[in-house]
Amino acid sequence: MKTKFLLPVVLIATLLLTGNVFGGSTARTGTLTFSAPVYEIEDLVAELQEDGNNVLVSGNVKNLGHSPVKGYVIVYFKNEKGVVVHSVETDVNKNRSFSRGKTGSFEISANIESTPDIQNVVIEFVNK
């Protein structure tokens, strides 16, 4: 009696395993998409102060991602060859998170007296 049921059970198990091994119902098709946090720097201002030794950098970081973010910006000062000659960091939005579609502001003053050859300012947002 036991052997009567053993053959159908083995046959069904073999068919199920064969379907999965050769791409049965678990096979994926199509193209997978990638997503990453997206940020936009808006209203960027870099003003050289009257003394000529300090620059005030301010702006906003807009969150275009799907989740709230919290972080800081790195301000890179580059020379005419594109080499970073000075950098400073500051919190965005007073270190509070901001949601999708919202902006967080930042402002920092940097002393650039010892690096007079600055030609460009670049901002990088770091999500922490």
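What counts and how
Residues numbered from 1 in each chain as written. Predicted model: local features only at pLDDT ≥ 70, side-chain atom pairs only at ≥ 80, totals over all residues. Heavy atoms only, no water. Helix = DSSP H or I, 4+ residues; strand = E, 2+ residues; numbered from the N terminus. Buried < 20%, exposed > 50% of the residue type's maximum accessible area, 1.4 Å probe, protein only. Contact = heavy atoms within 4.5 Å. Pairing = 2+ DSSP bridges. Axes fitted to C-alpha atoms, helices over the stretch in contact; angles between N-to-C directions. Phe/Tyr/Trp six-rings, centres within 6.5 Å; stacked < 30°, edge-to-face > 60°.

Peer 1: Any chance you could explain the overall build of the protein chain here in plain terms?
Peer 2: Across its full length, the protein chain carries one helix and six strands. The secondary structure elements of the protein chain, listed N-terminal to C-terminal, are α-β-β-β-β-β-β. In the protein chain, buried positions account for 24% of the 128 residues. In the protein chain, of all internal contacts separated by at least 6 residues, the share reaching a separation of at least 24 is 61%.

Peer 1: Sorry if this is basic, but what is going on with the pairing of strand 3 (residues 71-78) here?
Peer 2: On a regular strand, one side chain projects to one face of the sheet and the next to the other, so that they alternate. Bridge analysis of strand 3 against strand 6 (residues 120-127) gives eight bridges, and the strand direction is antiparallel. Counterpart to Phe 77 in the pairing with strand 6 is Val 121. Pairing geometry for strand 3 and strand 4 (residues 84-91), over seven bridges, is antiparallel. Bridging across to strand 4, Val 73 finds its partner in Thr 90. Here strand 3 folds back onto strand 4 in antiparallel fashion, the turn holding five residues, of which Gly 82 has a positive phi close to 85 degrees.

Peer 1: What's the story with the sheet that holds strand 1 (residues 39-48) in this structure? I'm lost.
Peer 2: Note on sheets: strands pair through backbone hydrogen bonds, and any given pair is parallel or antiparallel. Ordered by their spatial adjacency, three strands build an open sheet running 1-2-5, and the pairing between neighbours is antiparallel. Each edge of the sheet is formed by a strand with only one pairing partner; in this case those strands are strand 1 and strand 5 (103-111). Taking the axes of each pair of neighbouring strands and ignoring which way they run, one obtains an average angle of 15 degrees across the sheet. Direction of pairing for strand 1 relative to strand 2 (residues 54-63): antiparallel, over a ladder of eight bridges. Bridge pairing in strand 2 places Tyr 39 opposite Asn 63.

Peer 1: Looking at this structure, I do not really get the sheet that holds strand 6. What am I missing?
Peer 2: Sheet architecture is open: three strands sit in the order 4-3-6, paired in antiparallel fashion. In the strand order of this sheet, the two ends are held by strand 4 and strand 6, each with one partner. Mean inter-strand twist for the sheet, computed between neighbouring axes without regard to direction, equals 20 degrees.

Peer 1: Just to check I follow, could you spell out the packing of aromatic side chains for this structure?
Peer 2: Two aromatic rings, taken as a pair, are described by how far apart their centres are and by the angle between their planes. One pass over the full model with this rule turns up two aromatic pairs. Seen from their ring centres, Tyr 39 and Phe 125 are 4.6 Å apart, and the 65 degrees between their planes marks the pair as edge-to-face. Placement of the pair is Tyr 39 in strand 1 and Phe 125 in strand 6, with a sequence separation of 86 residues. Of the residues examined, Phe 125 reaches a relative accessible area of 11% and is grouped as buried. Of the aromatic side chains, those joined through ring pairs into one cluster are Tyr 39, Phe 98 and Phe 125.

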